[in-house]
Amino acid sequence: MTYPAPTKQASSGYLLCTYADPTSGANLVMVITSAPGTTPSVLQAVAQSQATAQHVTASSVSGLGDAAYSMTLDDAATNSLHVATSIVLAVKGSVSYDVTAEASLTQVEAVVRLLLG
């Protein structure tokens, strides 16, 4: 999947990058925020809450930051590429990462791995 240059919104402690190409249907959103005090248990609660709201299950992802959780939505039939939306939430130190894309979970996890260095 090839993504275009992002549109960016930024403020102190917050960065949102949206990569969207209406021609190909490529869509990826990254939200990176300063989140002091976000513990693995807080991230787990947030992931579980988001998953419950979407009627899916959040799963722990080992090897990503201090903690990470992933989920795949049941929306492939309504997406332009007919690929389900995958979400990975991670925390490393005092930074929170939320990456969402109409892509496989493996691909979204790879993006998070790149962000975490």
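Residues numbered from 1 in each chain as written. Predicted model: local features only at pLDDT ≥ 70, side-chain atom pairs only at ≥ 80, totals over all residues. Heavy atoms only, no water.

### A closer look at helix α2 (residues 105-116)
Here's step 1: When the terminal C-alpha atoms of α2 are compared, their 16 Å separation across 12 residues agrees well with the 16 Å that a helix rising 1.5 Å per residue should span.
Here's step 2: For α2, every residue scored as buried is listed here: Val108, Glu109, Val112 and Leu116. Considered in projection along α2, the buried side chains sweep an arc of 100 degrees and stay on one side of the axis. Turned more than 90 degrees away from the buried face of α2 sit Thr106 and Leu114, all of them exposed.
Here's step 3: Packed against the buried residues of α2 are β5 (67-72), β6 (85-92) and β7 (95-102).
Here's step 4: Phi for Gly117, located one or two positions after α2, is positive at around 75 degrees. (Helix = DSSP H or I, 4+ residues; strand = E, 2+ residues; numbered from the N terminus. Expected span 1.5 Å × (residues − 1). Buried < 20%, exposed > 50% of the residue type's maximum accessible area, 1.4 Å probe, protein only. Arc of directions from axis to C-beta. Contact = heavy atoms within 4.5 Å.)

### As for the pairing of strand β1 (residues 7-11)
Here's step 1: The element β1 is largely exposed, with a buried count of 0 among its 5 residues.
Here's step 2: A loop of 2 residues connects β1 with strand β2 (residues 14-21), the two strands running antiparallel in sequence, and Gly13 in this loop sits at a positive phi of about 75 degrees. (Pairing = 2+ DSSP bridges.)

### Brief notes about the sheet that holds β7
Whenever strands of a sheet pair, they do so through backbone hydrogen bonds, lying parallel or antiparallel.
Here's step 1: Pairing is antiparallel across the open sheet formed by 7 strands, whose spatial order is β1-β2-β3-β7-β6-β5-β4. Each having just a single partner strand, β1 and β4 (59-60) make up the two edges of the open sheet.
Here's step 2: Here β4 pairs with β5 via 2 bridges, running antiparallel. Bridge assignment links Ser59 to a residue of β5, and that residue is Ser70.
Here's step 3: The strands touched by α2 within the sheet are β3 (26-34), β5, β6 and β7, with β6 carrying the most contacts at an inclination of about 25 degrees. (Axes fitted to C-alpha atoms, helices over the stretch in contact; angles between N-to-C directions.)

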